[in-house]
Amino acid sequence: MVRLLATNETVVVTTKDKPLTFKQSAVPGLMRSVATWLIGVLQGSDQAGDSKTATTASRGVNTGPCYNETGKTNEPVTFQIPILAASRSVLAAGNRSIFVSWQGGVPPFSVTLSAAETGNVLAQTVGVRGTCAAYLPRIDLRPGRYRLTLTDAQNVKEQEDSLFVVAEAPAEPRELRDANLPEDARQLYAATWLGVLDGGKWAFEAQQRVAAMDCHSAAVQDWLRQWGSSTPCADAKR
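Just so it is clear, the structure is predicted and the values come from calculations on it, not from any experiment.

Caption draft 1: Structural detail: the packing of aromatic side chains. Applying the stated criterion to the full structure yields 4 aromatic pairs. Connected via pairs of aromatic rings, a cluster forms that spans F79, W102 and F109. For R88, the ring lying beneath its charged end belongs to F164, and the centroid distance is 3.8 Å.

If you want it as C-alpha cells, here you go:
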C-alpha cells in the first residue's frame, strides 16, 4: 500500500498483477482526479511492459528480514536489487549521493559505482550491516554508462552494467504540474509516474527522488516498500 496522505479516504488503483492503494486528499475530488489519470498510466505500463519491468518485478516485497541470516546468499531471500529490474536503468546527471537498496545476501555488504568502460571505482560504501540500504558518497555524475556492483560476505556480486546517466530526466506531466496538490503528495505521484515510464527504465531515478524526501514519513516508507526498497532511515550509511 502507498499512503500519500494521512486522511480517511482511499483511492484503489488496480493493475493486472496487484492493486495499489492511494490515500485521498482532504480536498474533495482533487486526488481522485489525479488518481484517475494515474490509473491509466499504471494500467498502460502493465499492458505495454514485459515481466522484467520494475512495476511487475518489484511488487510483493518479502516481509521477513531483508538479508539472509542463514549464511547462504540466496536462501531464503534471493540476492537482488529489485528496483533495477528493467533491462536499462537511467539516472539524471548532477552532484548526487546514490541510494541503493537490495534484498537477500549475507552481511556485511559493499556497494561500488564504477565507470563501465574503464572499471575505475568512482564511489564506494563498505561494511554495511543490519540493513539492506546504503548511500554512496556524493559524486559529480556525468552522462555516460556506469556499473553498480553490490557484494555480500560470500563475495557474491549482484551487478548492473546498464546504468546510464543522461543530462536530465523527463519533465513532469501537465496533469501533475497543474494539480493543486500538497508538495509531498505531488512528489510521490510524480515518482510513481516516472517509475513506470518507458518500461521501468526510470524507476531507479524515481527511487532516488523518494529516498531524498523525509524518510520518517509513512507515505515515503510505504512508497519505497511498494517498489522493493528498504527505507533510508534504516541506518543506511551516507
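Okay, back to it.
Caption draft 2: Inspection of the sheet that holds strand β3 (residues 89-92) at higher detail. Strand order across the open sheet formed by 5 strands is β3-β11-β10-β6-β7, with mixed pairing between neighbours. In the strand order of this sheet, the two ends are held by β3 and β7 (121-128), each with one partner. The average undirected angle you get between the axes of adjacent strands in this sheet is 25°. Lying over the sheet, helix α5 (residues 203-211) contacts β3, β10 (144-151) and β11 (157-166), oriented at roughly 45° with respect to β3.

Caption draft 3: Main features of helix α6 (residues 218-226). Among the 9 residues that make up α6, 7 are buried, leaving the element largely enclosed by the rest of the structure. For α6, the full list of buried residues reads A219, V220, Q221, D222, W223, L224 and Q226. At the N-terminal boundary of α6, the capping side chain belongs to S217, with an oxygen 3.2 Å from the backbone nitrogen of A219. One or two residues past the end of α6 sits G228, with phi positive at roughly 75°.

Caption draft 4: Just the pattern of salt bridges, in detail. The final tally for this structure, using the stated rule, is 9 salt bridges. Put simply, E183 and R186 hold a salt bridge, and the shortest N to O gap is 2.4 Å. Within this pair, E183 and its partner R186 are both found in helix α4 (residues 183-196), separated by 3 residues, close to a single helical turn. Note on E183: relative accessible area 41%, which makes it partly exposed. Connected through salt bridges with shared partners, the residues R96, E205 and R209 form a single ionic network.

Caption draft 5: Up close: the nonpolar core. Core analysis: the largest hydrophobic core is formed by 43 residues, its most contacted members being W102, L113, L148 and F204. If one sorts the elements of this core by residue count, α4 sits on top with 5 residues. If sequence neighbours within four positions are ignored, L148 has contacts with L84, V100, V111, T112, L113, L136, E158, Q159, E160, L163 and F204. If you look at the next biggest cluster of nonpolar residues, it comprises 5 residues, including L176, L181, Y189 and A190.

Conventions we followed
- Residues numbered from 1 in each chain as written.
- Predicted model: local features only at pLDDT ≥ 70, side-chain atom pairs only at ≥ 80, totals over all residues.
- Heavy atoms only, no water.
- Phe/Tyr/Trp six-rings, centres within 6.5 Å; stacked < 30°, edge-to-face > 60°.
- Lys NZ or Arg CZ within 6 Å of the ring centre and 35° of its normal.
- Pairing = 2+ DSSP bridges.
- Helix = DSSP H or I, 4+ residues; strand = E, 2+ residues; numbered from the N terminus.
- Axes fitted to C-alpha atoms, helices over the stretch in contact; angles between N-to-C directions.
- Contact = heavy atoms within 4.5 Å.
- Buried < 20%, exposed > 50% of the residue type's maximum accessible area, 1.4 Å probe, protein only.
- Polar contact = N/O pair within 3.5 Å; in protein donor to acceptor, adjacent residues only side chain to side chain.
- Salt bridge = Lys/Arg side-chain N within 4 Å of Asp/Glu carboxyl O.
- Core = buried A, V, L, I, M, F, W, Y, C linked by side-chain atoms within 4.5 Å.

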